[in-house]
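Fold and contact review
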Amino acid sequence: MTPQDKIAILQHLIQIQSVNANETAVADYIASLFAPYPQAEIVKVPFAPGRDNLVVTIGNPTGPMLGLSGHMDVVAAGDAAAWHHDPFGGEVVGDQLFGRGASDMKSGLAAIVITMLELLEAQTPLAGSIRLLATVGEETGEYGAATLTDAGYADPLAGLVIAEPSGLNNVVYTARGVIDYKVVSTGKASHSARPENGVNAITNLMKFYNAVGPLMAKHTQVDPVLGGLLHNVDLISGGEQINSIPAHAELMANMRTIPAYPNQVIYDELAALIAQLNQEDGVQLDLSYSYPEEAIPGDPQAPLVQLAKQISDQVCGHDTQIVGSGGANDGAEFLRAKGEFTSIELGPGNDSSHQVDEYVSVTEYLQAITVYEALVPAFFAQVAATVGE
């Protein structure tokens, strides 16, 4: 496959507007690329209408399995007029390819897809198998990865590479978890001139707000790589009009967790606080969660981590750093699988993700393919050597 062919595949992916939905169109396009190869096992795994995950497996089923994963959804482009390049055009200017998802993470997705296609095209003998796990809904909750994990597609993995935009000079081995929660306060409406006839939902919600900050602040342990626990109340709403006692109010908060505080610790504390406040007269608070993810502890000395660093060093000619990530990723879901394996992030991209004029370096994108094509056989050799010890 020529460099221009590889660029064209990425451009086509960017032109598919999979903004928090419509991933089936991406899955169908990727599946069409594998269709000429009967040895590729292609399975679409539905999450919702128009939202199919894609699993493609190639190689030797008797050997270890390496997972290569990327998500097919992108965040909204926002005000298109603020862009200097069509957010869904895939325009190339110099060494930069622009578009929503160019960095996060259709370049990484394209790179792992092309890696597998080139191995098929060259009829490269493999000592194991490769499984593409292309997911829906990563940007809003990792529910595609959850669907695939629950269906058993990650159970056979011996290792997992997620092509998130770490930049090829970084291998991410540990990541924060995430807890998004909502508290709904239900009161009773009345005229504001007769507040004794109502129950102020905002007042009761603020009881929770004033208590939860100090409660979370007690978690003072700091991870040497990821830092401390983060808790932010980011959305508050309530009330109907200025002269009515509000019957409804709610808040939403985002937490970024660390391995020292498993999510269950936080769940128990929040539940206890809600139960305590609900003992007060007139207080009715309800707590719910949206797709929480555990933190990924990781091991910087894990064989796959060290191998990825070595390969990236050799291909790119730099000193690849072994780092942590403040954001959650699909690995948190895939690591719930029955087997035990290391999950890393290694992919092309930069800090333009989610921004106007998001882009990826064409050079880095093409280098990523070279990195993955070197990593695959090296991984199988590493596993064989470990088994032989």
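Computed from a predicted structure; not experimentally measured.

**Considerations on the sheet that holds strand 15 (residues 248-257)**
Within the open sheet, the 4 strands sit side by side as 13-15-9-16. Their pairing is antiparallel. In this open sheet, the two edge strands, each paired with only one partner strand, are strand 13 (230-238) and strand 16 (285-289). Each adjacent strand pair in this sheet contributes to an overall mean axis angle of 20°, direction not counted. In this structure, strand 9 (residues 177-186) lies alongside strand 15, joined through 10 bridges in antiparallel fashion. Its bridge partner being in strand 15, serine 185 is matched across the sheet by alanine 249. Of the strands in this sheet, strand 9, strand 13, strand 15 and strand 16 are in contact with helix 5 (residues 201-217), which crosses strand 15 at around 15°. Sheet contacts for helix 6 (residues 263-277): strand 9, strand 15 and strand 16; angle to strand 16, the most-contacted strand, approximately 165°.

**Remarks on the environment of proline 165**
By secondary structure assignment, the location of proline 165 is in the loop between strand 7 (157-162) and strand 8 (170-175). Note: C-alpha distance between proline 165 and valine 212 (47 residues apart in sequence) is 34 Å. Every residue in contact with proline 165, bar those within four places of it in the chain, is listed here: Ser103, Asp104, Met105, Gly347, Pro348, Gly349, Asn350 and Ser353.

**Some thoughts on the packing of helix 5 against helix 6**
Where helix 5 meets helix 6, the closest approach of the two axes is 11 Å, and the angle between their N-to-C directions is 145°. The interaxial crossing formed by helix 5 with helix 6 has right-handed handedness. Seen from helix 5, the contacting residues are Lys207, Phe208, Ala211, Val212, Leu215 and Met216; seen from helix 6, they are Ile266, Glu269, Leu270, Leu273, Ile274 and Leu277. Taken together, the residues that form the contact of helix 5 with helix 6 break down as 10 nonpolar, no polar and 2 charged.

**As for the packing of helix 1 (residues 3-15) against helix 3 (residues 106-121)**
The description of two packed helices rests on the angle between their axes and on the distance between the axes. With their axes 9 Å apart at the nearest point, helix 1 and helix 3 run at an angle of 135° to one another. Considering their axes alone, helix 1 and helix 3 lie oblique with respect to each other. Crossing geometry of helix 1 relative to helix 3 is assigned as right-handed. Note on element contacts: helix 3 touches helix 1 through Lys106, Ser107, Ala110, Ile114 and Glu118, opposite Lys6, Ile9, Leu10, Leu13 and Ile14. The residue inventory of the contact of helix 1 with helix 3, partitioned by class, reads 6 nonpolar, 1 polar and 3 charged.

**Some points on the pattern of salt bridges**
With the rule as written, the count across this model stands at 11 salt bridges. Salt-bridge contacts for lysine 309 lead to aspartate 313; the nearest nitrogen and oxygen are separated by 3.1 Å. Of this pair, lysine 309 and aspartate 313 both sit in helix 7 (residues 303-316), 4 residues apart, roughly one helical turn. Here lysine 309 falls in the buried class, since its relative accessible area comes to 17%. Across the pair glutamate 333 and arginine 336 runs a salt bridge, and its minimum N-O distance is 2.7 Å. Here glutamate 333 falls in the buried class, since its relative accessible area comes to 8%. For arginine 336, a relative accessible area of 43% translates into the label partly exposed.

The rules behind these values
Residues numbered from 1 in each chain as written. Predicted model: local features only at pLDDT ≥ 70, side-chain atom pairs only at ≥ 80, totals over all residues. Heavy atoms only, no water. Pairing = 2+ DSSP bridges. Helix = DSSP H or I, 4+ residues; strand = E, 2+ residues; numbered from the N terminus. Axes fitted to C-alpha atoms, helices over the stretch in contact; angles between N-to-C directions. Contact = heavy atoms within 4.5 Å. Left-handed = near helix turned anticlockwise from the far one by under 90°. Nonpolar A, V, L, I, M, F, W, Y, C, P; charged D, E, K, R; others polar. Parallel < 35°, antiparallel > 145°, perpendicular 65-115°, else oblique. Salt bridge = Lys/Arg side-chain N within 4 Å of Asp/Glu carboxyl O. Buried < 20%, exposed > 50% of the residue type's maximum accessible area, 1.4 Å probe, protein only.

Coordinates in, geometry out; function isn't part of it.
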